[in-house]
Amino acid sequence: MAHRHNDNGTAWTDWPLLHADMTASLDRKSLGKPVLRRQWIDDMETDPDWRPSPVVELGYTTDRAVVGTRSLRMSTLLRNPDYIRASREPNGTFSGQAVLFEGTPFSAVIAKHFDAPQDWSEYNRLSLWVYVHPTDHTTIAFALAFLSEGSAAGPEDPIAIHYFSDLKAGAWNQLAWEIPEIRRDAVTEVTVFQPTFGVTGSEPRITYDLDALQVELVDAEVPEGWSVPEDKISYSHFGYTRGGHKLATAPAGEATEFEVLSRDGQVAASLPAAPITNERGSWTRLDFSTFTREGEWRLRYDGVETEVFPISDDAHLPLVEATLNAFYGLRCGWAVPGVHGVCHSDVFSEHEGDRRSVAGGWHDAANLTQGPGRTHLSIYALSDLADSLYARGATALADRAREEVCWGIAWSLGTRFGPGLRALYNDASYYTDGVVGTDDDMVQEGRGGVAYDEFQNILGVLAMARAARTMGDHDAGTTERLIVAAAEDFAVTYEGLVSPVTAEPVAINASSWRDRVGYLCLAAVELYRSTGDLQYRDAAIRLGRWVLDLQETRFVAEAPVTGFFYEDAARTRIVHEYHDGFEDSGLLALAALREEFVDSEDWIDWHTGLALYADYFCHLGSEASAPFGMIPAAVWRAVDLDAPLPPDPVVDFIHLLPPTPLFPTPPTRGMVREQMQRMFEDGMDLGGDYRLRRFPLWCDHVRHGATTVHLGKTIGLAQAAIARGSAADMNLASRQLEWVVGANPFSRSLVYGVGFDWWQNFSAELPNLVGGLSLGFNSYTGDTPAWGNNAVFPYKEQWVYSSSRMAMVLARVGTPARVRGEAPAGATFTMRATGDEGVVAPGSFDLMIPAGEYDVQFGGTRTSLVVVDGARLTLRLDESQWLMIELRAEASSTERVRVTLDVSGEGSHSIALRTRNLDALVPDVIDVELARGATQRFELDLQVTDAAAPWTLVAIPDRDVNASREVGGSALARSRHLTRGAE
Ligand SMILES: [Ca+2]
Ligand SMILES: [Ca+2]
Ligand SMILES: [Zn+2]
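Residues numbered from 1 in each chain as written. Chains lettered and ligands numbered in written order. Predicted model: local features only at pLDDT ≥ 70, side-chain atom pairs only at ≥ 80, totals over all residues.

- The name that an unreviewed UniProt entry assigns to the protein chain is Cellulase Ig-like domain-containing protein, with the source organism given as Microbacterium deminutum.

### A look at the overall build of the protein chain
Stage number 1. On a plain count of helices and strands, the protein chain comes out with 15 helices and 44 strands.
Stage number 2. For 983 residues, the compact-globule estimate of 2.2 N^0.38 gives 30 Å, and the protein chain sits close to it at 29 Å.
Stage number 3. Along the longest, intermediate and shortest principal axes, the C-alpha atoms of the protein chain span 95 × 75 × 55 Å.
Stage number 4. Taking all 983 residues of the protein chain together, 55% fall into the buried category.
Stage number 5. Considering only residue pairs separated by 6 or more positions, the protein chain has 73% of its internal contacts joining residues 24 or more positions apart. (Helix = DSSP H or I, 4+ residues; strand = E, 2+ residues; numbered from the N terminus. Rg over C-alpha atoms; globule rule 2.2 N^0.38 Å. Buried ≥ 20, exposed ≤ 12 C-beta atoms within 10 Å, placed from the backbone. Contact = placed C-beta atoms within 7 Å.)

### Digging into the sheet that holds strand β7 (residues 108-118)
Stage number 1. Spatially, five strands are ordered β4-β7-β12-β9-β10 in an open sheet, and the strand pairing comes out antiparallel. Sheet topology places β4 (50-52) and β10 (161-164) at the edges, where each strand pairs with a single neighbour. Taken pair by pair, the neighbouring strands of this sheet meet at an average axis angle of 20°, ignoring direction.
Stage number 2. Direction of pairing for strand β9 (residues 142-148) relative to strand β12 (residues 187-194): antiparallel, over a ladder of six bridges. Each bridged residue has a counterpart across the sheet, and for Leu 144 the counterpart in β12 is Val 192. (Pairing = 2+ DSSP bridges. Axes fitted to C-alpha atoms, helices over the stretch in contact; angles between N-to-C directions.)

### Notes on the nonpolar core
Stage number 1. If you look at the biggest cluster of nonpolar residues, it comprises 287 residues, and the most contacted ones within it are Ala 523 and Ala 524.
Stage number 2. If you tally residues by element for this core, the top one is helix α11 (residues 603-622), at twelve residues.
Stage number 3. Beyond its immediate chain neighbours, meaning those up to four positions away, Ala 523 contacts Ile 458, Val 461, Leu 462, Ala 465 and Phe 490. (Core = buried A, V, L, I, M, F, W, Y, C linked by C-beta atoms within 7 Å.)

### Quick word on the domain arrangement of the protein chain
Stage number 1. Taken domain by domain, the protein chain holds domain 1 (22-217), domain 2 (247-311), domain 3 (331-474 + 485-496), domain 4 (817-876) and domain 5 (882-980).
Stage number 2. For domain 1 and domain 5, the distance between their C-alpha centroids amounts to 65 Å. (Domains from an automatic or database assignment.)

### Considering the sheet that holds strand β30 (residues 817-823)
Stage number 1. Reading across the sheet, the three strands line up as β33-β30-β36 and stay open at both edges, with mixed pairing between neighbours. Among the strands making up the open sheet, the edge pair consists of β33 (843-849) and β36 (872-876). Across the sheet, the axes of successive neighbouring strands diverge by a mean angle of 15°, strand direction being ignored.

### Some points on helix α12 (residues 669-682)
Stage number 1. With 14 residues, α12 should reach 20 Å at 1.5 Å per residue; the first-to-last C-alpha distance of 20 Å fits that figure.
Stage number 2. Those residues of α12 that sit buried are Val 672, Gln 675, Met 676 and Met 679. Considered in projection along α12, the buried side chains sweep an arc of 105° and stay on one side of the axis. Structural note: α12 exposes Gly 670 and Glu 681 on the side pointing more than 90 degrees away from its buried face. (Expected span 1.5 Å × (residues − 1). Arc of directions from axis to C-beta.)

### Focus on unusual backbone geometry
Stage number 1. Cis peptide bonds are those with omega within 30 degrees of zero, and the linkage from Ala 626 to Pro 627 qualifies with 10°.
Stage number 2. Residue placement: Pro 627 occurs in the loop between α11 and β27 (634-637).
Stage number 3. Phe 793 connects to Pro 794 through a cis peptide bond whose omega is -20°.
Stage number 4. Residue Glu 352 is not a glycine yet carries a positive backbone phi of 45°.
Stage number 5. Its location among the elements puts Glu 352 in the loop between β21 (347-351) and β22 (354-357).
Stage number 6. For Glu 352, a count of 9 C-beta atoms within 10 Å gives the class exposed.
Stage number 7. With phi around 80°, Asn 509 is a residue other than glycine that occupies positive phi space.
Stage number 8. Tracing the chain through its elements places Asn 509 in the loop between α7 (476-494) and α8 (513-531).
Stage number 9. Taking the number of C-beta atoms within 10 Å as the measure of exposure, Asn 509 has 15 and is therefore partly exposed.

### Observations concerning the environment of Pro 560
Stage number 1. Topologically, Pro 560 is positioned in the loop between α9 (534-548) and α10 (584-596).
Stage number 2. Separated by 258 residues in sequence, Pro 560 and Arg 818 place their C-alpha atoms 35 Å apart.

### Points about the environment of Pro 659
Stage number 1. Take Pro 659: it is sitting in the loop between β27 and α12.
Stage number 2. Classification of Pro 659 by C-beta neighbours within 10 Å gives partly exposed; the count is 18.
Stage number 3. Between the alpha carbons of Pro 659 and Leu 147 there is a distance of 7.8 Å; along the sequence they are 512 residues apart.
Stage number 4. Pro 659 has contacts with Leu 147, Pro 664 and Thr 665, leaving out every residue within four places of it along the chain.

### Notes on α11
Stage number 1. With 20 residues, α11 ought to run about 28 Å at 1.5 Å a step, and its terminal C-alpha atoms sit 27 Å apart, in line with that.
Stage number 2. With 19 of 20 residues buried, α11 is to be regarded as a mostly interior element.

### Focus: the packing of helix α13 (residues 707-724) against helix α15 (residues 800-810)
Stage number 1. Running from N to C, α13 and α15 point in directions that differ by 20°, and their axes come no closer than 9 Å. One element, α13, and the other, α15, form an angle in the roughly parallel class. Seen from above, α13 lies across α15 with left-handed handedness. Contacts between α13 and α15 involve Thr 707, Thr 708, Leu 711, Gly 712, Thr 714, Ile 715 and Ala 718 from the former and Tyr 801, Ser 802, Arg 805, Met 806, Met 808 and Val 809 from the latter.
Stage number 2. Each residue belonging to the contact of α13 with α15 can be placed in one class, and the counts come to seven nonpolar, five polar and one charged. (Parallel < 35°, antiparallel > 145°, perpendicular 65-115°, else oblique. Left-handed = near helix turned anticlockwise from the far one by under 90°. Nonpolar A, V, L, I, M, F, W, Y, C, P; charged D, E, K, R; others polar.)

### Notes on the packing of helix α6 (residues 454-471) against α7
Stage number 1. Here α6 crosses α7 at 150°, and the two axes come no closer than 8 Å. Put simply, α6 runs roughly antiparallel to α7. Regarding α6 and α7, the two cross each other, and that crossing is left-handed. Taken together, the residues of α7 that come into contact with α6 (itself represented by Glu 454, Asn 457, Ile 458, Gly 460, Val 461, Met 464, Ala 465, Ala 467, Ala 468 and Met 471) are Thr 478, Thr 479, Leu 482, Ile 483, Ala 485, Ala 486, Asp 489, Phe 490, Val 492 and Thr 493.
Stage number 2. Grouping the amino acids of the contact of α6 with α7 by side-chain chemistry returns 13 nonpolar, five polar and two charged.

### As for the pairing of strand β17 (residues 281-287)
Stage number 1. Judged from the five bridges that link them, strand β14 (residues 247-251) and β17 form a sheet pairing that is antiparallel. Each bridged residue has a counterpart across the sheet, and for Ala 248 the counterpart in β17 is Leu 286.
Stage number 2. Two elements, strand β16 (residues 267-278) and β17, share six bridges in a ladder whose sense is antiparallel. If you follow Ile 276 over to β17, its bridge partner there is Trp 283.
Stage number 3. With antiparallel pairing between neighbouring strands as the criterion, β16 and β17 make up a hairpin whose turn holds two residues.

### Thoughts on the pairing of strand β15 (residues 257-262)
Two faces belong to every sheet, and in a regular strand the side chains alternate between them.
Stage number 1. Of the pairings in the sheet, the one linking β15 to β16 comprises five bridges and is antiparallel in character. The residue bridging Glu 257 from the neighbouring strand is Pro 272, located in β16.
Stage number 2. In sequence, β15 turns back onto β16 through a hairpin of four residues, with Gly 265 there showing a positive phi of about 95°.
Stage number 3. Pairing of β15 with strand β18 (residues 295-301), which is carried by four bridges, proceeds in the antiparallel orientation. Each bridged residue has a counterpart across the sheet, and for Leu 261 the counterpart in β18 is Arg 298.

### Comments concerning the environment of His 316
Stage number 1. With respect to the secondary-structure elements, His 316 resides in the loop between β20 (309-311) and α3 (317-330).
Stage number 2. For His 316 and Ile 926, which are 610 residues apart along the polypeptide, the C-alpha to C-alpha distance reads 42 Å.

Here you go:
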């Protein structure tokens, strides 16, 4: 592998970008569909009636044609000196803004207007041929859009815009866009829009020859709903681990069995298929959890087969590699091979005469800007991922992840101008020439200027404190700099900080108090871990109380859903995330506190916070999307519909503008309110004025994309699973990842280039990167998933933040567990599902083992052990000193609970008991003296304090929180007495 060096000698690896297997692209596959009927919109043979904007050169050519003899030639400058001269900041430097919307000055657009509106209802696909003139420009993308008169632009309405990306130069490109979900009964205009964002090659101009624009009728993909198509099975495209659950969902069918097939079609197993029917539809559940053979397999049910997928304990690693590829492709200030040269080194921020380039880190999305908060959370995520990869011995991928961490750190330290002071944005969405001293240089002011921002600072502290742990001795000098900077910046935010008691509506992409206090608390634990300084312990515990103040712990309605968060301590606003999500913030904080500070009187509250979230929000909430088991988006109250919504920059002036494909009609407040009411009613009825939305209850037409929000919740659940040692929690967390990569009703992967049937993302200024993930699922009607063909901002927008969420999930789900300890006479671990044996030699041991249920034998003693992904356990397998505890609970009435604690083992032990929502004189500690073979039983009769809230009892043996056992339940949800850890 080649390396590049920077000024201070750091070596950076030159990686080639991964190439997608385009035979798995749904856009590509769909081109082969039979066209049942077609109608010309324009064969480009007749009189010109396309209107160009001033920056477009437009004419007809007979150089080439797909039909007839002519095509329409559209040409414009991607790097336009007039635009650069005109687009200046008050300080005289270039604004750096790409021209990303039609209608604005210098936008390159052509429009064809129909005097009589056309009705396309009988057709469901729009198609076009484009010849791209030869160019060394590497990112070639434009938008096709149409305007249908009277179409609504409310939160439930799809957008009639589609971006075609990755066009090939010097060739005809066949383009097709399926539009079944988009209103098209009165089409008055078709537009082609070329965003102007500078150049990646030497040629400033882009020229297209367009021909054969038509509407077609095809067997279009179903864009929304819960049904699995008749010719598909919904399953995890990246595969399954051997010891984890294995679920797939087929359409309802007659067959009572399904088969696991080898790659060459031999039947390896026949298993019972289970019909499922609920108010959302009928399906067949294919559960092959018992099939644990490593290899490559397919499923077959009722004549339908899946593609090949692996069963392997390394099944997740290709997804890890793809995610790292996406980060690499998004790098700013780096020559990404085949995409662009070293970019944005002529974009600066300045503070008291200190002018620095802000190049570095990662581009944000489809455009080239950079949000430092997202970069910092990416550093955090990649640190988690690197450590997890090192732990499992995947050293090459781990090195790569750590190199990405280093790349982020170099930018973070370089754009930090002093305690709490940072360049707050990289506002360049334009490919500047990278040469300092030319007319496209930028010296950023305003949001790209240097200032203090509380949330940005908190995320900077979090990233630096966390990355210090990953850097460790690898680069001790950088580690020290990170810790010093994190400590300085922490003090800037923490000193004088108080918990606010009211919440203003949070702008999209801004933070609520929950997000800030959650991540600051986590940062305080990280600083404590790095420094051992007790001031950070005290700060973390104090901040942790503020986190707890924000969590609902009672049942708010008849249905036992609770554990969700409010934005503010007064609980005026439930956290409703639309776009980016920070649900992991408070949950990671609670898990970190729980792990570090076992002696705190708040310990049981931290633990219970995780348990309530997992059991009563994730598990119970996911039943609303059975059989797909998706963690829901949020609880809504009827009054929330009339509470102030996130500020909308569009709604107040949009009625002044002419109709566009984005806003065919202005979204009036009344219409938006009406649609929100309908979305509210579509949620699952929790009783009273409460509904559970499976997808976000959107408040506007554009700012959609549920998967980033969803993955934030998945991170929280996975961390709760590790903390509680709960295989059920981890299986549910795994299902969320599987949902994103195929186990959804469409059986499509949302990750570009991974799995099957991915659509192209919206990525106007960069190519679609293998591993790239957009904001994700949309939803239009009925609170159902929607995944249409339109590659449009932001729900289909390739986004670094989505990849950072994915990295956080992959640092947990599908990872082996670390088990270490002492076994003076040796020990044997036998995995129940596979029969695999691991033999430990006498002495101390340190193993990575796959998640699963194990029998553990040492000497003449046999115990059982449940290990979840990413767990870290310390075991004493010593016949003269060992301990096993079992907890059971039985509700004797709605308000009384009997808990039985069985303790067996050898030697003296102390077992700490912690309770929440139970009135009883429970001893804090039970001391036991155990002799070989003896089990001591303790029985506790307990009174539930608040019947409208779950109760919890946790036993912690010998101060080891990772070995704790838990029982919990609630009088209201008695059918669901949940026993975790001991299952
Ligand atoms: Ca023609
Ligand atoms: Ca320049
Ligand atoms: Zn850049």
